[in-house]
Amino acid sequence: MARKTELYARHEALGGRMIDFAGWILPVQYPTGPIEEHHTVRRAAGLFDIDHMAQLVVRGRDALPYLQHMVTMDVGKMVMGEAHYSLVCYEDGGIVDDIFVYRMPDRYFIAINAANAEKDTRWFQAHTAGFEVSVENVAEETYMLALQGPRAEAILQALTPANLSQMPYHRAIDSTVAGVPTLIGRTGYTGEDGFELFFPREKATLVWDRIMEAGAPHGLKPIGLAARDSLRFEAKMPLYGQEIAAHINPIQAGLGWAVAFGKGEFIGRDALLKVKLEGPKSVLVGLEMVDRGVPRHGYPVVSAGQAVGEVTTGMFAPTLGRYLALAYVPKELAALGAEVGVQIRNDVKRAKVVETPFYVPAYRRK
Amino acid sequence: MRVDKASRYTRTHEWVRLEGNEAVTGITDYAQEHLSDIVYVELPAVGEHFDKGQVYGVVESVKAASDCYMPIAGTVTAVNEALADSPSTVNEDPYGAGWFVRLTPDDPAEAEALMDADAYEQFVASSEGEH
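My aim in this report is to walk through the structure given alongside it, one point at a time. (Residues numbered from 1 in each chain as written. Chains lettered and ligands numbered in written order. Predicted model: local features only at pLDDT ≥ 70, side-chain atom pairs only at ≥ 80, totals over all residues.)

1. Examining the overall build of chain A
Heads up, the condition is: A run of DSSP states H or I qualifies as a helix once it reaches four residues; a run of E qualifies as a strand once it reaches two. Both are numbered from the N-terminal end. Only C-alpha atoms enter the radius of gyration, while the globule expectation follows 2.2 Å times N to the 0.38, with N the number of residues. Exposure criterion: with C-beta atoms placed from backbone coordinates, a residue whose C-beta has 20 or more other C-beta atoms within 10 Å is buried, one with 12 or fewer is exposed, and one in between is partly exposed. What counts as a contact here is a pair of residues whose C-beta atoms, placed from the backbone, lie within 7 Å.
Tallying secondary structure elements over chain A gives eight helices and 20 strands in all. Since a compact globule built from 366 residues should have a radius of gyration of about 21 Å, the 20 Å found for chain A is in line with a globular shape. The dimensions of chain A, computed from C-alpha atoms along their principal axes, are 60 × 55 × 45 Å. Burial statistics for chain A: of 366 residues in total, 46% are counted as buried. Within chain A, contacts between residues at least 6 apart in sequence are counted, and of these 66% link residues at least 24 apart.

Spelled out as C-alpha cells, the structure:
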C-alpha cells in the first residue's frame, strides 16, 4: 500500500497529479506541466517534496574506518561540514546504491535512495562487526525537501541564520529554517545550485509553507517527479535501476571519479581495480537522435542489425531542445560521433554518440 | 474540457471532422490534458490506407508513448508536418492547429456513427467517475 507524505494535502491543493513512486504517493507534475517546471528550476527555483528518500546516521568511535570500508570515496579526506557523493558496492563491484555522505561534528549523515532504503539499511547494519559503530535509519523521523535553482540561495537566506553566501557547493551545516532545526546541505539532483533540507517530520507543512511564501516573489514553484527526472538526466546524474544497478559497476557508469582506489581497502575494491585495469566492456554514453524519435528506458541500441546495448534513460531534453539518451554501448562504439541505432517500436532510428553531461551543472561553471 | 461541436468522437479519445470530401483527425482536449506535455508525434506517410480502429500513429508525452487509432477508415492525404518542430501545438490547440492527419474517407457515414460532442462529454464524465 503506497504511503502519503505529510504534504499530500498541499500537493492536492496545488493540483498535483499523484502517482505511486517507490511505495510513496507523490506528484509527478502540477498543472503547468513538467516542461514548464523544468525551465522554472533552471531559471528561477523549484521546491521538491522528496520525503520518499531515506537517511542513515552513523556514529561511534570507528565511524570513519567503518565508512572507509563501506563506501567507495575517501571519507578520510572530507573536511568538517562537507557533503560528498559516493557509491556503495558489492564485492563483485556491482552497485548497492549511490549516496551522499555528510560529515557533521557529531555524526555522519547519509542520504540514500527510497527504492533501496531497506536493502541499504540491512547492508550497512550487516557489516558493523569489528567496528565500534551504530547505524540508525532515521527516515521515519526525518523530512526531506529540495530547494533548487539560481534563486534558491536568496529564498532560503530569508529563512535561516546560516550565512549561505559563505557556503560553497557540497557543504552542509546544522542550522535552522523557519525556526526549525535543519541540516542544510548545498546539494541536489538537478544540475542547479540549491539545497537539500533535513528536519523533523512533524514540521513538514510549516517548512514547506514558509519556503513557498518566501519564494513567491522569486518565481518559486513546486516541482514534480517528471521534471526531477529530466533535470537530473540533463546533468547526467544517475538513477538507480537505470544508469546504475547491482549488475553495473561504477567504472562503466562513468563514476570512476567517485572511487578512491588510493584510500585502502573497501568492499568491491579488488573487483573494481580489475575493471579499471582491463577496461569495461560496455560503457555509459550520451546519444543524440539523428532521426526524430523519443528514446526511452529499455529500448535496444542497435549496430549492424544486432542489439548491442540498451537505453537507460531517454527523453526530449527541455533545456537542450533535443531528443537525447543515456545508454550502455560496447566500448568500440563509445567514441564521440560514433553512429548507432535506437530501436523505437518497429523502427531503428539513427543516433550518434555525443558529449555528456548534456547540461553542465551551474555549480561547475563558476 | 474543451470539445469541438463540429467533430465526432471515439472512445479512445480521437476526434474526426468532415471537411468537404475530406476528414481531419487528431486527439481530444481530454487526451492531451491526460497525456500532459507532448514532445513528439509519429505520423504515417501520405497515401497509406487505414481501417477504422487501426493504429496509425503514436503520440509521445514526457512520460509515455500512446497509440493513435483511426476513427474512420480512409486514405491519408496530408499529415501535420508542423508538429515535428512544435509538438506542443497539440496541447495548445488540439482541435485546430494540433490536427494529426487529413484523409479521404472510405465511407463518410462512418463518422456519423461516432459520438457527438455532447455524448463524448458524457462518456468522459462517466469514465472519470469509474476511477
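2. Looking at helix α2 (residues 34-43) of chain A
Residue and element names in this part refer to chain A. In terms of burial, α2 is largely enclosed, as seven of its ten residues are buried. Three or more residues of α2 are buried, namely P34, I35, E37, H38, T40, V41 and R42. As for α2, its buried residues are in contact with β3 (24-29), β4 (46-49), β10 (142-148), β14 (221-222) and α7 (225-234).

3. Quick word on the sheet that holds strand β8 (residues 107-112) of chain A
Residues and elements named next belong to chain A. Note the cut-off: Paired strands, as defined in this entry, are two strands with at least two bridges between them according to DSSP. To define axes, lines are fitted to C-alpha atoms, for helices over the stretch in contact only, and angles between the resulting N-to-C directions are given on a 0 to 180 degree scale.
Taken in spatial order, the five strands make up an open sheet running β6-β7-β8-β5-β9, and their pairing is antiparallel. Unpaired on one side and paired on the other, β6 (83-89) and β9 (134-137) mark the two borders of the sheet. Each strand of the sheet is rotated relative to its neighbour by a mean of 30 degrees, with strand direction disregarded. Across five bridges, strand β5 (residues 54-59) lies against β8 in antiparallel orientation. Bridge assignment links V58 to a residue of β8, and that residue is Y108. Along the sheet face, helix α3 (residues 63-70) touches β5, β6, β7 (95-104) and β8 and points at about 130 degrees away from the line of β5.

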